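# Observations on the model geometry
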Amino acid sequence: MVLVTGAFGQIGRDFMPILRQLFGEENVIASDVAKPTASKLNEERYDYDNLQTIELDVCDRGALKDAVKSFKVNRIVHLATMLSAVGEKLPMKAHDVNVQGSLNILECAREIKQNKAFSASGAGTAKEAPTVASVFAPSSIAVFGPSTPQDMTPDDVVCSPTTMYGISKLHLECLGNYYHERYGIDFRSLRFPGIISASAPGGGTTDYVMDMYSEALKYNQCTSFLSEDIELPFMHMEDCLRSAIELLVAPSESLTRRVYNVTAFSATPREVYESIRKFIPEIQVQYEPDYREEIALTWPNSVDDSYARRDWNWQHTYDLDDITKDILDALAAERMANMAKFR
Ligand code: VAH
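So, a few notes on the structure that sits alongside this text. All of these numbers come straight from a predicted model, not from anything done at the bench.

A few words on the packing of helix 7 (residues 208–219) against helix 9 (residues 269–277). Between helix 7 and helix 9, whose axes approach to 11 Å, the crossing angle comes to 30 degrees. If you check the angle between helix 7 and helix 9, you find them roughly parallel. Helix 9 is crossed by helix 7, and the crossing has right-handed handedness. When helix 7 is examined against helix 9, the residues Y208, V209, M212, Y213 and A216 are found in contact with a partner set consisting of P269, V272, Y273 and I276.

A separate point is the nonpolar core. Residues V4, F15, L190, F192, Y213 and W312 are the most contacted members of the largest nonpolar core, which totals 70 residues. If you tally residues by element for this core, the top one is helix 8 (residues 237–249), at seven residues. Dropping the residues within four chain positions of it, Y213 is found in contact with I196, V272, I276, L320, I323, T324, I327, L328 and L331. If you look at the next biggest cluster of nonpolar residues, it comprises 28 residues, including A67, M82, A94 and F187.

Near the ligand you find L83, S84, S140, I141, Y165, F192, P193, G204, T205, T206 and W299, and these make up its full shell. Between the ligand and S140, the relevant distance is 2.9 Å, taken from an oxygen atom to a side-chain nitrogen or oxygen of the residue. Y165 places a polar side-chain atom, nitrogen or oxygen, 2.7 Å from an oxygen atom of the ligand. In the complex, the protein chains occlude 96% of the 280 Å² of accessible area that the ligand would expose alone. The residue makeup of the shell around the ligand, split by class, is six nonpolar, five polar and no charged.

Glancing now at the packing of aromatic side chains. Two measures describe an aromatic ring pair: the distance that separates the ring centres and the angle between the ring planes. Under the counting rule described, the total for this entry stands at eight aromatic pairs. With a centroid separation of 5.0 Å and an interplanar angle of 50 degrees, the aromatic rings of Y179 and Y183 are classed as tilted. Of the two residues, Y179 and Y183 both sit in helix 6 (residues 164–183), four residues apart, roughly one turn of that helix. Look at Y183 and you get partly exposed, because its relative accessible area is 25%. Consider the rings of Y208 and F225, whose centres lie 6.2 Å apart with planes at 75 degrees: the pair is edge-to-face.

Reading guide: rules and limits
Residues numbered from 1 in each chain as written. Predicted model: local features only at pLDDT ≥ 70, side-chain atom pairs only at ≥ 80, totals over all residues. Heavy atoms only, no water. Axes fitted to C-alpha atoms, helices over the stretch in contact; angles between N-to-C directions. Helix = DSSP H or I, 4+ residues; strand = E, 2+ residues; numbered from the N terminus. Parallel < 35°, antiparallel > 145°, perpendicular 65-115°, else oblique. Left-handed = near helix turned anticlockwise from the far one by under 90°. Contact = heavy atoms within 4.5 Å. Core = buried A, V, L, I, M, F, W, Y, C linked by side-chain atoms within 4.5 Å. Buried < 20%, exposed > 50% of the residue type's maximum accessible area, 1.4 Å probe, protein only. Near = heavy atom within 4 Å. Polar contact = N/O pair within 3.5 Å; in protein donor to acceptor, adjacent residues only side chain to side chain. Areas by Shrake-Rupley, 256 points an atom, 1.4 Å probe, with all protein chains shown as cover. Nonpolar A, V, L, I, M, F, W, Y, C, P; charged D, E, K, R; others polar. Phe/Tyr/Trp six-rings, centres within 6.5 Å; stacked < 30°, edge-to-face > 60°.

These figures capture arrangement, not role.
Below, the structure is given as structure tokens:
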């Protein structure tokens, strides 16, 4: 059984159908700190049927262990996290969820593996020992800090993050490597750039792009909370999910590391504006930097993901204009569907 934490978050909601297809609908259980209501599931058009869902707080190790045991979990996709901007507003909460939560997840993975070894030795009473646990948990380019080279930042470089989110993701990476080396846990992680998807819940610094798209469509004008020349790496949600699956199923012997940089392209708010203008020519833009600019300035302008492209043949497919067209079309279709509902 595959346990997904944060299943109703930005990545989780789009990842669930793919994981159910890969592992079998009956072998994936969706968990989140609060189950979405039926109306939210319907309203947000989650295309899941007969989905097993449980309410699970990753900060509650006892509840996690109970869930792992009762559902015979043998693989964990750990997506529960608090993003950068909200993490700077609530740093202690972000530490609980991102740091304590990740430790709890890896401890569960260690016990799964221990039980398997215990029952395989015949000494235990466990009848059906789960297979070897493996954990996929996203990291982020937020692990890099202002002292890291900001152009084509490599995988192996000094990471001195200056946000609670970045600190917690660096902790996840170090802990994942520790549990891999010491306990043999098959931990895999990707340092995601800004992920652009129509389902962005907000709370991220890179979500300025989604704000620009949705405002452009509604008002023919948009505002960026970052200055026009702040360059950051990005990828489309579909590239994000495909990279996660490709790493999840990559043969272990092809991997030269547990954590990989991945990206598709880099862009500035001005380039996002110019891309929108190709589809909405009359669009106007304002740049109103806020506290999130300080966060963005500590991150790379671009990252080098050549190890991912070499070890497991990573290739991105969406560039900026592809994303702009895809998201504007998706938002326009959503508006039409909502208008039809109220006719
Ligand atoms: C955030 N979308 O903005 C996330 C991401 C690189 C940024 O991790 O917090």
